[in-house]
Amino acid sequence: MKKIGILTSGGDCSGMNACIRSAVRTALRLNVEVVGFKKGYLGLMKGDYLRLDSKAVSGIMHRGGTFLQSARSPEFRTTEGQQNAVKMLSELGIEGLIVLGGDGSLSGALALKKLGFPVVGIPASIDNDIPFTDMSLGVDTALNNIIYAVDCIKDTASSHARAFVIEVMGRNSGYLASVAAIASGAEFALVPEREFDLSEICQQLRQRFEEGRDNAIIILAEGVAKGQDIADSIKDAIGFETRVTVLGHYQRGGAPTVFDRLLASRLGKKSVELLVSGNHGMMAGLSCNTILATPLEDVLKGEKRPQDEMLRLAEVLGI
Ligand code: ADP
Ligand code: F6P
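Small disclaimer: the values here were computed from a predicted structure and weren't measured.

Colleague: Would you explain the sheet that holds strand β9 (residues 242-246) in this entry?
Modeller: Whenever strands of a sheet pair, they do so through backbone hydrogen bonds, lying parallel or antiparallel. As summarised here, the arrangement of the four strands in space is β7-β8-β6-β9, forming an open sheet in which the pairing is parallel. Either end of the sheet is taken by a strand with one partner, and the two such strands are β7 (188-190) and β9. In this sheet, neighbouring strand axes are inclined to one another by 20° on average, regardless of whether the strands run parallel or antiparallel. As paired strands, β7 and strand β8 (residues 216-221) are joined by three bridges and run parallel to one another. The residue bridging leucine 190 from the neighbouring strand is leucine 220, located in β8. Along the sheet, helix α8 (residues 227-238) contacts β6 (163-168), β7, β8 and β9; its crossing angle with β9, the most-contacted strand, is approximately 170°.

Colleague: Hey, could you run me through the site of ligand 2 in this one?
Modeller: The immediate surroundings of ligand 2 are formed by Arg72, Ile126, Asp127, Met169, Gly170, Arg171, Glu222, His249 and Arg252. The contact in question runs from an oxygen atom of ligand 2 to an N or O atom on the side chain of arginine 252, over 2.8 Å. Burial of ligand 2 by the protein amounts to 74% of the accessible area it has alone, namely 400 Å². The cavity that encloses ligand 2 is the largest pocket. Counting only domains with at least three residues in the shell around ligand 2, you end up with domain 1 (3-138 + 256-302) and domain 2 (139-253).

Colleague: Can you help me understand the side chain of serine 136 in this one?
Modeller: By the element assignment, serine 136 lies in the loop between β5 (119-123) and α5 (139-160). When sequence neighbours within four positions are dropped, the list of residues in contact with serine 136 reads Pro123, Ala124, Ser125, Asn128, Ile130, Asp260 and Leu263.

Colleague: Would you mind going over the layout of surface pockets with me for this structure?
Modeller: Computed from the structure, the largest pocket encloses a volume of approximately 900 Å³. Every residue lining the largest pocket is counted, 43 residues in all, and those nearest its centre are Gly102, Asp103, Gly104, Ser105 and Arg171. Sort the elements by how many residues they give to the lining of the largest pocket and helix α4 (residues 103-114) lands first, with five residues. When grouped by side-chain class, the residues that make up the lining of the largest pocket number 13 nonpolar, 17 polar and 13 charged. When its volume is computed, the second largest pocket comes out at roughly 150 Å³. Contributing to the lining of the second largest pocket are 13 residues, with Phe188, Arg194, Phe196, Ile201 and Ile319 lying nearest its centre. Listing elements by their share of the lining of the second largest pocket, those giving two or more residues are β7 and α7 (198-210). For the lining of the second largest pocket, the residue count by class is seven nonpolar, two polar and four charged.

Colleague: What am I meant to see in the sheet that holds strand β1 (residues 3-8) here?
Modeller: One open sheet accounts for seven strands, arranged β3-β2-β1-β4-β5-β10-β11; its pairing is mixed. Looking at the sheet topology across the chains shown, the edges are occupied by β3 (49-51) and β11 (290-295). Going across the sheet, the axis of each strand differs from the next one's by a mean of 25°, ignoring polarity. Seen against the sheet, helix α1 (residues 16-29) touches β1, β2 (33-37), β4 (96-101) and β5 and runs at an angle of roughly 175° to β1.

Colleague: Help me understand the packing of aromatic side chains in this model?
Modeller: In this description, a pair of aromatic rings is defined by centroid distance and the angle of the planes. Within this structure, the stated rule accounts for three aromatic pairs. Each ring, one from phenylalanine 37 and one from tyrosine 49, has its centre 6.2 Å from the other, and the planes form 65°; the classification is edge-to-face. In this pair, phenylalanine 37 is assigned in strand β2 and tyrosine 49 in strand β3, connecting sequence segments 12 residues apart. Under the relative-accessibility criterion, phenylalanine 37 is labelled buried at 0%.

Cut-offs applied
- Residues numbered from 1 in each chain as written.
- Chains lettered and ligands numbered in written order.
- Predicted model: local features only at pLDDT ≥ 70, side-chain atom pairs only at ≥ 80, totals over all residues.
- Heavy atoms only, no water.
- Pairing = 2+ DSSP bridges.
- Helix = DSSP H or I, 4+ residues; strand = E, 2+ residues; numbered from the N terminus.
- Axes fitted to C-alpha atoms, helices over the stretch in contact; angles between N-to-C directions.
- Contact = heavy atoms within 4.5 Å.
- Near = heavy atom within 4 Å.
- Polar contact = N/O pair within 3.5 Å; in protein donor to acceptor, adjacent residues only side chain to side chain.
- Areas by Shrake-Rupley, 256 points an atom, 1.4 Å probe, with all protein chains shown as cover.
- 1 Å grid on protein atoms, 1.4 Å probe; cavity = no way out; pocket = protein on both sides within 12 Å on 5 of 7 lines; lining within 4 Å.
- Sits in = over half its atoms within 2 Å of the grid points.
- Domains from an automatic or database assignment.
- Points joined across faces, edges and corners; volume = space filled by probe spheres on them.
- Nonpolar A, V, L, I, M, F, W, Y, C, P; charged D, E, K, R; others polar.
- Phe/Tyr/Trp six-rings, centres within 6.5 Å; stacked < 30°, edge-to-face > 60°.
- Buried < 20%, exposed > 50% of the residue type's maximum accessible area, 1.4 Å probe, protein only.

Rendered as structure tokens:
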């Protein structure tokens, strides 16, 4: 393989730049040329790319987001869009493609594989909902961002004797919410994977407040409900002052943590090695601190249950 492409797709996350850097440097050592497509599958279909030499990826390790930019492209979901992408790749003399993104982007990679094009996927999404990897890229940084924000909010919550509902991202996954609740010492975590009774939670809050523990943090996964609706229900039920913070896209940016920089570097290197050795149609993932390859079909058929242990831990800790 003499020339490969790389792109970042779907929701961005911290660590994408570090991963591109690692893939480019690994490829260059193997005398493989790399091009980076701009804005994910959109740039791939249009042939909008940059040549990535060693200099192009220097100084980006510590930067969040993705310098190649990302996008969501409805056109690429169509067979015609995917065929155009393969045509573009062949016109540019590109023999393999690395895709960084969430489950949607990896489904796109699988579609290219089914058209006979060599691809390797890298799990990159703060939601941590991708099977066959213990952690996706960007999750650790997002969690650290959330914990920083929750610590700040706890200070003001205790000064004013208020309950705070803090809404975090994750789409349909409650991973960020449950881990953030455990690591911040929050009182409650409301996640899609676990049923809860809001009136029971209100009762526990009332009891806490009566015992003199007059503030509380409730971490809410966005897949459960809107933060304001939960806060209104609590206020109506027990009358205590309640505020809402929606952390939003703040969670997705910022300098990647050491964990994400290292994971990015390991996944980037492995993805190139898989492509060049002809072991494609795979996703590189982290399993028990080892970087392993899993067929994209298995990844996309699989169900991620990283929640079980976290939910049990939360229960034991009374969250
Ligand atoms: P993420 O990768 O973060 O899950 P999306 O679900 O928005 O984000 O997917 C990113 C892009 O991947 C989409 O805009 C689309 O171009 C492509 N994609 C998503 N799902 C599919 C699919 N089933 N088949 C082909 N391409 C897909
Ligand atoms: O999939 C990553 C994610 O950040 C989700 O947690 C969130 O629901 C969604 O993307 C937000 O998407 P957008 O950036 O398009 O608003």
